[in-house]
Amino acid sequence: MRAVVLKASPDHNSEENIPGLEVLKDADLAIFYLRWRRLPPEQLAHIEAYLKSGKPVMGFRTTTHAFNFPKGHVSEKWNAFGEFALNTPPGWGGKAKHTHYGHNSSTDVSIVPKASGNPILTGVAKDFYVRSWLYHVVPDYPLKGSTILLTGKAVNPQRAAVENPVAWTGTNAFGGKIFMTTLGHPEDFRIESFQRLVINAVHDELGLKVPKKWKGKMDIQVPYRVAK
């Protein structure tokens, strides 16, 4: 596989510029890991064209609230990117009451029993622990028709918590195949089961056979930077 990684410019706190989005024209899979961006129309046009192509889409964690345009802005519709692209709540808060259970909490993750035979869960432990604090998406999300693969229970939540889906598949508003997970704290990528989940999902999204074996846990040490 050939992967092209695009980053905000000039640094990770830059909210209005992700150069190179024109590569989406030739992409077979687009993976989004965004948070509260305000991209110019010409950059959004590349994302919109990709979505309208019906090609597969994959998203991590904060992509539930990928964009944050002010009310009345010409691009305000993009604030609901999570919903129309990945079957998540349409942005943070709002009528869906999309929120989390506190930055000091974490999550115990479990495979949904009836999904245990899904190829994406090959090599994924029945139960595992991640640093991500649990996102609240129920009762209306993921959207009807989605297949929930993993659920999470908050560990040391700051308020009363309920079990929530943390990974699912489905079809988005454009007919594209999706994989979405609300996990994705940098420390999650150190967990072997999460690594397997991501690799399996990429294969599945591309229509490739999910590998039954792999070379083993990768040493991924990515620092956690708090966005300004």
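Scope of this entry: the structure provided in the associated data block. (Residues numbered from 1 in each chain as written. Predicted model: local features only at pLDDT ≥ 70, side-chain atom pairs only at ≥ 80, totals over all residues. Heavy atoms only, no water.)

## Here's the deal with the layout of surface pockets
In step 1: There is about 170 Å³ of room inside the second largest pocket.
In step 2: As for the second largest pocket, its lining consists of W36, H65, F67, N68, N79, P90, G91, W92, G93, G94, K95 and A96. (1 Å grid on protein atoms, 1.4 Å probe; cavity = no way out; pocket = protein on both sides within 12 Å on 5 of 7 lines; lining within 4 Å. Points joined across faces, edges and corners; volume = space filled by probe spheres on them.)

## Focus on the nonpolar core
In step 1: Counting 26 residues, the largest nonpolar core has I47, L51, F67, W78 and F81 as its most contacted members.
In step 2: Elements represented by at least two residues in this core include exactly β1 (30–32), α1 (41–52), α2 (81–86) and β9 (177–181).
In step 3: Once you skip the residues sitting within four places of it in the chain, L51 turns out to touch V57, W78, F81, F84, A85, N172 and F174.
In step 4: Grouped together as the second largest cluster of nonpolar side chains are 25 residues, F60, I120, L134 and L183 included. (Core = buried A, V, L, I, M, F, W, Y, C linked by side-chain atoms within 4.5 Å. Buried < 20%, exposed > 50% of the residue type's maximum accessible area, 1.4 Å probe, protein only. Helix = DSSP H or I, 4+ residues; strand = E, 2+ residues; numbered from the N terminus. Contact = heavy atoms within 4.5 Å.)

## Quick word on the pairing of strand β5 (residues 127–130)
In step 1: Side chains F128 and V130 project from β5 onto a buried face, and the interleaved D127 and Y129 project onto a face without burial.
In step 2: Direction of pairing for strand β4 (residues 106–111) relative to β5: antiparallel, over a ladder of four bridges. Residue S110 lies in a different strand from β5, and its bridge partner there is D127. (Pairing = 2+ DSSP bridges.)

## Examining the environment of H185
In step 1: Here H185 is to be found in the loop between β9 and α3 (192–205).
In step 2: Leaving out residues up to four positions away in the same chain, H185 has contacts with Y33, R61, R131, S132, W133 and Y224.

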